[in-house]
Amino acid sequence: MIKVGVLGARGRVGAELCRAVEAAEDLELVAAVDVGDSREPLSSAQVAIDFTHPDAVMDNLRWCVEHGVHTVVGTTGFDAQKLETVRGWLAAHSGVNSLIAPNFAVGAVLMMHFAQKAAPFFDSVEIVELHHPNKADAPSGTARRTAELANAAREKAGVGRSPDATTTGLDGARGADVDGVRVHAVRLAGLIAHQEVLLGGHGETLTIRHDSLSRESFSPGVLLGVRRVGELPGLTVGLESLLGLD
Ligand SMILES: NC(=O)C1=CN([C@@H]2O[C@H](COP(=O)(O)OP(=O)(O)OC[C@H]3O[C@@H](n4cnc5c(N)ncnc54)[C@H](OP(=O)(O)O)[C@@H]3O)[C@@H](O)[C@H]2O)C=CC1
Ligand SMILES: O=C(O)C1=N[C@H](C(=O)O)C[C@H](O)C1
């Protein structure tokens, strides 16, 4: 049995993950922590799952590393600097590992992988991400990572930036520039988490779309991470390597 704690346990995803951990025969939920709760029960966990808030996750992570607890992190808001900070904490506590992924839905990981593969073959790439209106961050962590992966693949292949003749327009009309890829964020009641990667070339377009229709979509990837994080030294970013995609 792997002893598991959940940070953000009363949140939309955290509550779903508590149910998933309790239903798994090889996992034991030993701590369910949310705002205002003591973290102390987490010290008996082997793995802590964090789905909290971009402003809270770094403090939680540092606490877990210092207490020798592996972490599986879905909370968004990580940039290169924050990832480097986490690497530093883990280096100072050898044997403690962390898996941080912007999206644990298997289909979303595949969408990012397919987008990375397709990006060098087209003149243009843009991303539209669509989420529920309670989301704190924009653009989504998934969209940011998709843009980074697509741009890296295009640069490696010597493909230039997407053509765009816009010289005048309202602020925001062309979305956010993430590594040269335009990202458009929609917030709409009724939605959960959705993304389209739009690719355009000579007389053709390719659209790669993923939809999370329920927050259950994140549970299998998170539980895979919980089962595997103990054998992944230091920091692992993204679920790709656990799915054999890189
Ligand atoms: N990687 C992935 O696959 C996915 C990532 N996410 C990300 O996960 C995060 C959470 O999303 P979601 O569940 O929708 O958000 P919610 O706001 O529904 O849940 C977050 C929960 O964490 C609580 N919380 C805030 N700070 C702390 C803290 N310091 N310690 C413990 N609990 C805390 C919040 O309390 P309160 O409401 O009182 O602030 C809330 O109950 C977001 O960053 C989101 O983007 C979401 C889905 C999938
Ligand atoms: O806040 C959400 O809901 C989600 N957040 C993650 C992100 O920012 O990419 C993953 C998924 O899109 C759901």
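Residues numbered from 1 in each chain as written. Chains lettered and ligands numbered in written order. Predicted model: local features only at pLDDT ≥ 70, side-chain atom pairs only at ≥ 80, totals over all residues. Heavy atoms only, no water.

**Overview of the UniProt feature "domain: Dihydrodipicolinate reductase C-terminal" (unreviewed entry) in the protein chain**
- Under the local residue numbering, the UniProt record ascribes the feature "domain: Dihydrodipicolinate reductase C-terminal" (unreviewed entry) to residues 107-243.
- In residues 107-243, the share of helix is 28% and the share of strand is 27%. The end C-alpha atoms are 11 Å apart. (UniProt positions renumbered as here; feature names shortened; annotations may be inferred. Helix = DSSP H or I, 4+ residues; strand = E, 2+ residues; numbered from the N terminus.)

**A short note on the site of ligand 2**
- Every residue lining ligand 2 is accounted for by Thr76, Pro102, Asn103, His131, His132, Lys135, Asp137, Ser140, Gly141, Thr142, Ala193 and Phe218.
- Taking Lys135, its side chain carries an N or O atom lying 2.6 Å from an oxygen atom of ligand 2.
- Contact between ligand 2 and Gly141: an oxygen atom at 2.9 Å from a main-chain N or O atom of the residue.
- In terms of residue class, the shell around ligand 2 is built from 3 nonpolar, 7 polar and 2 charged. (Near = heavy atom within 4 Å. Polar contact = N/O pair within 3.5 Å; in protein donor to acceptor, adjacent residues only side chain to side chain. Nonpolar A, V, L, I, M, F, W, Y, C, P; charged D, E, K, R; others polar.)

**Notes on unusual backbone geometry**
- A cis amide bond links Ala138 to the next residue, Pro139, at an omega of -5°.
- Note that Pro139 resides in the loop between strand 6 (124-131) and helix 5 (141-156).
- At Asp179, a residue that is not glycine, the phi angle is positive and equals roughly 50°.
- Along the chain, Asp179 turns up in the loop between strand 7 (176-178) and strand 8 (181-187).

**Structural notes on the site of ligand 1**
- Looking at ligand 1, there are 22 residues lining it, with Arg12, Asp34, Thr76, Phe104 and Lys135 nearest.
- Backbone polar atom of Gly74 to a nitrogen atom of ligand 1: 3.0 Å apart, as the coordinates give it.
- Protein contacts shield 75% of the accessible area of ligand 1, which totals 910 Å² for the unbound molecule. (Areas by Shrake-Rupley, 256 points an atom, 1.4 Å probe, with all protein chains shown as cover.)

**What to know about the pattern of salt bridges**
- Counted by the stated rule, this structure contains 16 salt bridges.
- Among the salt bridges present, the one from Arg19 reaches Glu16, with a minimum N-O distance of 3.1 Å. A residue pair is termed a helical-turn pair when its members lie 3 or 4 positions apart in one helix, as Arg19 and Glu16 do in helix 1 (residues 12-23) at 3 residues. (Salt bridge = Lys/Arg side-chain N within 4 Å of Asp/Glu carboxyl O.)

**Points about the sheet that holds strand 1 (residues 2-7)**
- Ordered by their spatial adjacency, 6 strands build an open sheet running 2-1-3-4-5-11, and the pairing between neighbours is parallel. Taken across any chain shown, the strands that pair with only one partner, and hence form the sheet edges, are strand 2 (27-33) and strand 11 (235-237). For this sheet, the mean inter-axis angle between neighbouring strands, taken without regard to orientation, is 20°.
- Where strand 1 and strand 2 come together, 6 bridges link them in parallel fashion. Across the sheet, residue Leu7 finds its bridge partner in strand 2, namely Val33. (Pairing = 2+ DSSP bridges. Axes fitted to C-alpha atoms, helices over the stretch in contact; angles between N-to-C directions.)

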